[in-house]
Every structure is written in C-alpha cells, then in structure tokens.
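# Breakdown of the fold
Below, each chain spelled out in residue letters.
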Amino acid sequence: MNVRVLLFASYADAAGVSELRVEVTPGATVGELVERVRQRLGSATLPPQPLVAVNQVYARADLRVAEADEVAIIPPVAGG
Amino acid sequence: MNVRVLLFASYADAAGVSELRVEVTPGATVGELVERVRQRLGSATLPPQPLVAVNQVYARADLRVAEADEVAIIPPVAGG
Amino acid sequence: MRSAIVRRPLDAAALMAEVAGARHGAVILFVGTVRESNEGRMVTGIEYSAYDAMAERELAGILAEVAAAHEGVDMVVEHRVGELAIGDASVVVAVAHAHRGEAYAASRQVIEELKRRVPIWKREHYADGTREWVHAHSTASVVEAGT
Amino acid sequence: MRSAIVRRPLDAAALMAEVAGARHGAVILFVGTVRESNEGRMVTGIEYSAYDAMAERELAGILAEVAAAHEGVDMVVEHRVGELAIGDASVVVAVAHAHRGEAYAASRQVIEELKRRVPIWKREHYADGTREWVHAHSTASVVEAGT
C-alpha cells in the first residue's frame, strides 16, 4: 500500500521535501514505515525513532498504518 | 504627650471619626496608646489588639511611641 | 519598577507595555476584577479605600523584595481606589522576565503579598441595598513584615 | 474557549477582553515574546511554523483538559506563525476564573502543555546571518498523550 507522509521543520529541511509517498506492505507499523522513509531519504535525515502522528494524533511505533492515513514525522516541538 | 491617631475603613465607621489626638504619658507603648483610644471611643469600636502602623510601618505592641509619630490603627486588609 | 494607588480606571494594556522589552521572553498580566457575587450574595459594586501613603510604601517594599528574589524582573503594579462597578479592574500586576517560570512566580508573589499586607479595604454594596466591609485577611502575621 | 494558529500579529488586549466577565475575579494574560538573545547568541528574528491542523487539535485538547481540571475557567489561546521580529508576541494565553489560584494554575498548565506537545517549530535568525532550528524539547513523553 501507498502511504502519504508529511515532514516538517528541520526534517523537511534535511530531506529537501515536506511530503512524500511511501510503499509499505499492508499492515505495516509506524516503526516500519519510518524505517522505509529513512531508507528513501537517507538515515542521516531522521533519527531512528522520531515522534510520529497518525491522522494528527501522536502514535506509538507499533500502531498499524492504513493506506488512507495521514502520517506525519514530527521534529522536537518548540512552540511558545 | 499628645499623639495623632488615624482610623480607617470599618474602624473609622465604628468610631465616627477618621482621626483623633490622644493624650498618653511620655514613653507609652503602642499597646498602651491603643488602650487609651479604646477608652475614648468605646471598647466595641476596636478589637483589644488591632494591627497598628507607626509612621507607615507595621509596629509591635511594645514599640514606644513618640509625640511626632503618625499612628494608624489598621483594620484587616482586603486589597486585590 | 513602579507602583501606585490611583483614583482612575486602570489601563492593563498600558502597564503591560511598560514592562515589556527586548530582553524579556515572558510577560504576565494579573488583573483583579469586581465580581457580581461573593459568598453567595449579589454584589452591585465595591468601594475601595486605602491608607495611601503607607499602601504605596508597602507596595514599593513588595516590589523590592520580589525583584531581589528574581533577578532581571520588571514589574508595575497599580491598585485603584474609589467606587468600582462590576467588571472594573481593581488591581493590575504586570511582570516581565526573560523566562516564564520567574515571571509566573514573581507575579504570584506580588499579588499574594499585596493581599496580605497592603492597607487597602473594600466595602461591598449588595443588591438588597446593604453595604459591608470585607475582612478577607486576618492580621496575625503582618507585623513581622514591619520593624 | 477558543484556540487558533494564526498568521497575523496577536492582540493580547482583545484576547483578555474575550475571557473577562462579571463572574470572574481574576484574569491572567501570558504573553510569550521574541527575545533579542538566546543562550548567549544575538537573535534578529524567529520564523515559526506549525503542522497547523494537528496544532489546533492539540491546543483544543489542552484547553479541554485544563477546563476539566478547573471548573468555571474561561480560556483563549492564540499562537502566531510566520516571521516574527524581536519583541513580537508569539503566543498569548488569556485565562479568567472566579478565583486567582485557579486562574494562575490553568494559565501555567496551558503554556507548559503547549510547549510540551503542540507541533510548532521555530528557526532563529542570528546577527551573524546564520539560522538554526531550536530543539527546545525532547520527544520522550509526548506519545503517552496520544492514543
């Protein structure tokens, strides 16, 4: 399945893109999806276990991703 | 000696005056001055040991008062 | 650093602007306002009075103490006296600091000390036409703050 | 109760007016502003960005949590994104409550939670022409807040 992934701030800068689509096997977890993104963009682009949100809610690495999900890889936040 | 005494808020209301002069012996303490004021105004006017300021600084009952001092009897404060 | 007892409406935004500055990252404004009810009674207004000279002296003392505890803090405090209506601001405390933790702590200390020891009184006016002096604080520990 | 990510200057006085009301005795305004220096470096400006939809969702969640903890509180939060200059307000938290203790606590909880978990980022611009993303917070404990 093909999943939409959003990148922000320092991660988007490092990757040179703010959005990409990644092919993963159906039933893949957040952790597996992140690993595919790191393979695509280079492992220096993202830490091994970045913060991830699925459909705008923070998600654990073992959550299973569906094709229609909006997955976002979230750099350390610095609001305020 | 003759000392100037200020009353405020509920104490001034109860006494019907906001300022009076009280005759006390030289070397009298704050506590003795308060007792003279209560005799003059009626003991229902003031509690036995009200808060007192001498020259705009909170004072203990054993502080000696001088004739030129500005003595104020301070009801429980309620600012804010 | 400035504090005053005033007889006019308070301008919270102006006090905030007074403390803000390029070296500060946090500004906290505390505004105390007249509530429509107190302890179950309908309030129609409040009359504040003060021992002005001593109140300003105590306020200045409080700001000096809080400034000593929080290096680099900027503060302005104004307390209004006279007849206030529901919703009117009775006190504004504006605090600015490089960091928010100190700003919150300083703001809270100023208002708590003000309520504990600054000689200001209020008389509430109730919907039934009566008036009563509000004795919010006991006098127990105030003298220690003096000499 | 209202929160938003906005792309225009913040109007702190307007947000304060939005929460004030006759049943409240205390209004607290927290304003975060851009400082001229950070960790010893001269800052000339800050560029804020956000994952807007999620940031607004997290802000709404924070307000709901804080409201549940402090009955009767009114709150409005706005966070600005885009290019900010020194002294500009990046975030305003306006809180009103009948009592000041709850108002201070709610104000502090909102800003601490905002800083901990709302997906907003900032890149500082320095006097020497360089720019750097500020990584103020570790990611350790945020996931527990989600599902």
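Residues numbered from 1 in each chain as written. Chains lettered and ligands numbered in written order. Predicted model: local features only at pLDDT ≥ 70, side-chain atom pairs only at ≥ 80, totals over all residues. Heavy atoms only, no water.

## Some details on the overall build of chain C
- Within chain C one finds 3 helices and 9 strands.
- Ordered by position from N to C terminus, the α and β elements of chain C give β-α-β-β-β-α-β-β-β-α-β-β.
- Taking 15 Å as the expected radius of gyration for a compact globule of 147 residues, we find that chain C reaches 16 Å, a close match to that expectation.
- Out of the 147 residues belonging to chain C, those deemed buried represent 52%.
- Sequence-distant contacts, at least 24 apart, represent 76% of the contacts inside chain C between residues at least 6 apart. (Helix = DSSP H or I, 4+ residues; strand = E, 2+ residues; numbered from the N terminus. Rg over C-alpha atoms; globule rule 2.2 N^0.38 Å. Buried < 20%, exposed > 50% of the residue type's maximum accessible area, 1.4 Å probe, protein only. Contact = heavy atoms within 4.5 Å.)

## What to know about the sheet that holds strand β1 (residues 2–6) of chain D
- Ordered in space as β1(C)-β5(C)-β7(C)-β2(C)-β2(D)-β7(D)-β5(D)-β1(D), the 8 strands form an open sheet in which the pairing is mixed. Among the strands making up the open sheet, the edge pair consists of β1 (2–6) of chain C together with β1 of chain D. In this sheet, adjacent strand axes meet at a mean angle of 5° when their direction is disregarded.
- One ladder, built from 7 bridges, connects strand β2 (residues 26–33) of chain C with strand β2 (residues 26–33) of chain D; its direction is antiparallel. Note on β2 of chain D: the bridge partner recorded for L29 of chain C is L29 of chain D. (Pairing = 2+ DSSP bridges. Axes fitted to C-alpha atoms, helices over the stretch in contact; angles between N-to-C directions.)

## Re the layout of surface pockets
- Here the largest pocket is characterised by a volume of approximately 620 Å³.
- Lining the largest pocket are 30 residues; nearest its centre among them are R35, N38, K115, K122 and E124 of chain D.
- Elements supplying a minimum of two residues to the lining of the largest pocket: β2, β3 (37–38), β4 (41–50), β8 (120–126) and β9 (131–133) of chain D.
- If one sorts the elements of the lining of the largest pocket by residue count, β4 of chain D sits on top with 4 residues.
- Of the residues belonging to the lining of the largest pocket, the class tally is 12 nonpolar, 10 polar and 8 charged.
- Lining the second largest pocket are 26 residues, and of these R35, N38, K115 and K122 of chain C together with H99 of chain D lie nearest its centre. (1 Å grid on protein atoms, 1.4 Å probe; cavity = no way out; pocket = protein on both sides within 12 Å on 5 of 7 lines; lining within 4 Å. Points joined across faces, edges and corners; volume = space filled by probe spheres on them. Nonpolar A, V, L, I, M, F, W, Y, C, P; charged D, E, K, R; others polar.)

## Quick look at the arrangement of the chains
- There is no contact between chain A and chain B; across them, the least C-alpha separation is 29 Å.
- Left apart from each other, chain A and chain C have a closest C-alpha approach of 10 Å.

## Examining the confidence of the model for chain C
- With 92% of its residues at a pLDDT of 70 or more, chain C shows a mean pLDDT of 93.
- Reported confidence for the predicted complex is 0.93 by ipTM and 0.93 by pTM. (pLDDT = per-residue confidence, 0-100.)

## Observations concerning the interface of chain A and chain D
- Facing 22 residues of chain A, the contacting portion of chain D comprises 30 residues.
- On the chain A side of the interface with chain D, the three residues burying the most area are Q56, Y58 and G80 of chain A, jointly 30% of the side's total.
- Scanning the region where chain A abuts chain D turns up 1 salt bridge.
- Measuring nitrogen to oxygen at the nearest pair gives 2.8 Å for the salt bridge that ties D13 of chain A to R123 of chain D.
- There are 13 residue pairs in polar contact (both at pLDDT 80 or more) connecting chain A and chain D.
- Elements with a minimum of two residues in the side of chain A that touches chain D: α1 (9–15), β3 (51–54), β4 (57–59) and β5 (70–74) of chain A.
- The class makeup of the residues in the side of chain A that touches chain D is 14 nonpolar, 5 polar and 3 charged. (Buried area = accessible area lost by both parts, 1.4 Å probe. Salt bridge = Lys/Arg side-chain N within 4 Å of Asp/Glu carboxyl O. Polar contact = N/O pair within 3.5 Å; in protein donor to acceptor, adjacent residues only side chain to side chain.)

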